[in-house]
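Results of the structural survey
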Amino acid sequence: MPAKKSGLKRVGSKAVGVGKILTKNLQSEASEKKESLVSHLDELRNRLIKCALAFIVAFLVCFAFSAPLVRMLMALGPEFSFVYLHPTELMLSYIRIGMIGGVVFAFPVLGYQAYRFMCPGLTSREKKAAFGILTAGVILFCVGAIFCFKIVLPISLTFLAGLDSTGTIKSAMSIENYMTFVLTMEVVFGCVFELPIVTILLTSVGILNPKFLQKNRKYVVLVVFIVAAIITPPDVTTQVLVAFPMLALFEISLILCRLLFRKKLKAEEEEVDEDFFGLDEDEEEESEEDEEESEEDEDEDEEDSEEDEDDEEDDEDSEEEEDDEEDDEDSDEDEEESEEEESEESEEEESDEESRR
């Protein structure tokens, strides 16, 4: 009984020790998860602070140069006379210029901070793709804004200012409405020039494919010319000047979509081939393992048969030895009997001789 109690105590102490180790491991894992979450939140906070600082600096710089920027935008429509109808209207226009300029000029920093935050969870290939997409997006947006500023806005404003052929209506415009129109056009064309990036992303996700774009090309051309006719004067030259870059963007998007789709198909085929050959290799390995196991079984059977033969030989030898021993015993018994008989005969002879005497 005391031995049983001591054994139970030992088992209980071991169980308590195992429980303590498990609880420590769970606590360490939970603390590591909390630390990782806290570190991610700290990194996100630092990145957001940097983005806010970049936006504030860009806003202050653009706001400091807002008056020259407004004069530069006003120079696009020399046919108009500008007024502000509210005491704070001009100030709000300057602030709007500063905010939009701050977002535009701080966008590289914003994109870079977002890229650096996502880097730990991306592969090397995904990192290169993300960096290329961000860089191309910034460049295409700037190209679209410059194209609108140099070509689309001068043509559109000249056409809109010349609608009154009689000269009875003066072309006076509120500075707020003018800034809203100009900045909206800049942002719209900057976004339109992002069409190749959008196409690449949709193709990589699997929403778009080259066949769909090629099949609906005529509808895209129709939509492009309709948009060009709406935002430009009723002149074939200006419509072509606006529509041609948009069509060029569509063709570039189609080419990129084809290239990306082919790469995607090749990657899928390679994965299928790897899986197929991997299965073949697994089957070959399994067959080799089966052959090795069969050979091992045969060797074991041979060894067992040899052992059985050895055992039989040993048994035979032991039986022969036993027979020899039995023969020896029998011979010994015979000798003893013969000796006893001889001794008896000698005793009888001695007794006869004594009787004769």
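Residues numbered from 1 in each chain as written. Predicted model: local features only at pLDDT ≥ 70, side-chain atom pairs only at ≥ 80, totals over all residues. Heavy atoms only, no water.

1. Overview of the overall build of the chain
Within the chain, the secondary structure is distributed over 9 helices and 2 strands. Counting only residues that meet the buried cut, the chain has 20% of its 357 residues in that class. Considering only contacts within the chain whose residues lie at least 6 apart along the sequence, 85% involve residues at least 24 apart. Counting every atom, the chain has about 26,000 Å² of accessible surface; 59% of that belongs to carbon and sulfur. (Helix = DSSP H or I, 4+ residues; strand = E, 2+ residues; numbered from the N terminus. Buried < 20%, exposed > 50% of the residue type's maximum accessible area, 1.4 Å probe, protein only. Contact = heavy atoms within 4.5 Å. Areas by Shrake-Rupley, 256 points an atom, 1.4 Å probe, with all protein chains shown as cover.)

2. With respect to the pattern of salt bridges
Inspection of every chain in the model, using the stated rule, returns 3 salt bridges. With a shortest N-O distance of 3.4 Å, Glu 43 and Arg 47 are connected by a salt bridge. Taken together, the residues Glu 43 and Arg 47, both in helix H1 (residues 2-64) and 4 residues apart, mark about one turn of the helix. A relative accessible area of 17% means that Arg 47 is categorised as buried. With a closest N to O distance of 3.6 Å, Arg 217 and Glu 251 form a salt bridge. Highlighted residues: Arg 217 in helix H8 (residues 217-231) and Glu 251 in helix H9 (residues 236-356), separated in sequence by 34 residues. Note on Arg 217: relative accessible area 28%, which makes it partly exposed. A residue is classified by how much of its surface remains accessible, and Glu 251, at 33% relative accessible area, is partly exposed. (Salt bridge = Lys/Arg side-chain N within 4 Å of Asp/Glu carboxyl O.)

3. Some remarks on the side chain of Glu 89
Relative to the assigned elements, Glu 89 resides in helix H3 (residues 89-118). Among buried charged residues, Glu 89 stands out as having no salt bridge; its nearest opposite-charge side chain is Arg 96, 8.6 Å away. Non-local contacts of Glu 89, meaning those with residues more than four positions away in its chain, are made with Val 83, Tyr 84, Ser 174, Ile 175 and Glu 176. (Lys, Arg positive; Asp, Glu negative; His and termini not counted.)

4. Focus on helix H6 (residues 195-205)
Every buried residue of H6 is accounted for by Pro 196, Ile 197, Thr 199 and Thr 203. End-on, the buried residues of H6 take up no more than an arc of 160°, which puts them together on one face. One or two residues past the end of H6 sits Gly 206, with phi positive at roughly 110°. (Arc of directions from axis to C-beta.)

5. Structural notes on helix H5 (residues 175-192)
Under the 1.5 Å per step criterion, the end-to-end length of H5 is 26 Å for 18 residues, consistent within 8% with the ideal 26 Å. All of the buried residues along H5 are Ile 175, Tyr 178, Met 179, Val 182, Leu 183, Met 185, Glu 186, Phe 189 and Gly 190. One side of H5 carries all its buried residues, which in axial view fall inside an arc of 150°. (Expected span 1.5 Å × (residues − 1).)

6. Focus on a positive patch on the surface
A surface patch of like charges, here positive, comprises Arg 125, Arg 262, Lys 263 and Lys 266. Locating Lys 266 in the fold gives a position in helix H9. Judged by relative accessible area, Lys 266 falls into the exposed class, the value being 55%. (Patch = residues over 30% accessible without salt bridge, like charges linked within 9 Å, V, L, I, M, F, W, Y side chains within 5 Å. Charge placed at Lys NZ, Arg CZ, Asp CG, Glu CD.)

7. Re the nonpolar core
Grouped together as the largest cluster of nonpolar side chains are 27 residues, with contacts concentrated most on Leu 73, Leu 76, Val 152, Tyr 178, Met 179 and Phe 189. With 5 residues, the next largest nonpolar core counts Leu 208, Leu 213, Phe 250 and Cys 257 among its residues. (Core = buried A, V, L, I, M, F, W, Y, C linked by side-chain atoms within 4.5 Å.)

8. Thoughts on the side chain of Glu 186
Inspection of the secondary structure puts Glu 186 in helix H5. Lys 150 provides the closest opposite charge to the buried, salt-bridge-free Glu 186, at an N-O distance of 9.8 Å. In this view, Glu 186 contacts Ala 145, Cys 148, Phe 149 and Leu 153; residues no more than four positions away in its chain are not counted.

9. Some thoughts on the packing of aromatic side chains
A full pass over the atoms with the stated rule returns 7 aromatic pairs. Ring centres of Phe 80 and Phe 82 lie 6.4 Å apart, and the angle between their planes is 40°; on these two criteria the pair is classed as tilted. Members of the aromatic cluster, each reached through a chain of ring pairs, are Phe 55, Phe 59 and Phe 63. (Phe/Tyr/Trp six-rings, centres within 6.5 Å; stacked < 30°, edge-to-face > 60°.)

10. So, the packing of helix H4 (residues 124-161) against H5
The interhelical angle for the contact between H4 and H5, taken along N-to-C directions, is 135°, at an axis separation of 7 Å. Accordingly, the angle class assigned to the pair H4 and H5 is oblique. Relative to H5, the crossing made by H4 is right-handed. Of H5, the residues touching H4 (which contributes Leu 140, Phe 141, Gly 144, Ala 145, Phe 147, Cys 148, Phe 149, Val 152, Leu 153, Leu 157 and Leu 160) are Tyr 178, Phe 181, Val 182, Met 185, Glu 186, Val 187, Phe 189, Gly 190 and Cys 191. (Axes fitted to C-alpha atoms, helices over the stretch in contact; angles between N-to-C directions. Parallel < 35°, antiparallel > 145°, perpendicular 65-115°, else oblique. Left-handed = near helix turned anticlockwise from the far one by under 90°.)

11. Section: the environment of Ile 95
With respect to the helices, strands and loops of the structure, Ile 95 is situated in helix H3. For Ile 95, a relative accessible area of 27% gives the class partly exposed. Sequence-distant contacts of Ile 95, that is, excluding residues within four places in its chain, are made with Phe 59 and Phe 63.

12. Quick look at the environment of Glu 43
On the basis of relative accessible area, Glu 43 is assigned to the partly exposed category, the value being 23%. Note: C-alpha distance between Glu 43 and Phe 117 (74 residues apart in sequence) is 7.5 Å. Residue contacts for Glu 43: discarding those within four places in its chain leaves Arg 116 and Phe 117.

Scope: geometric values only; no functional claims are made or implied.
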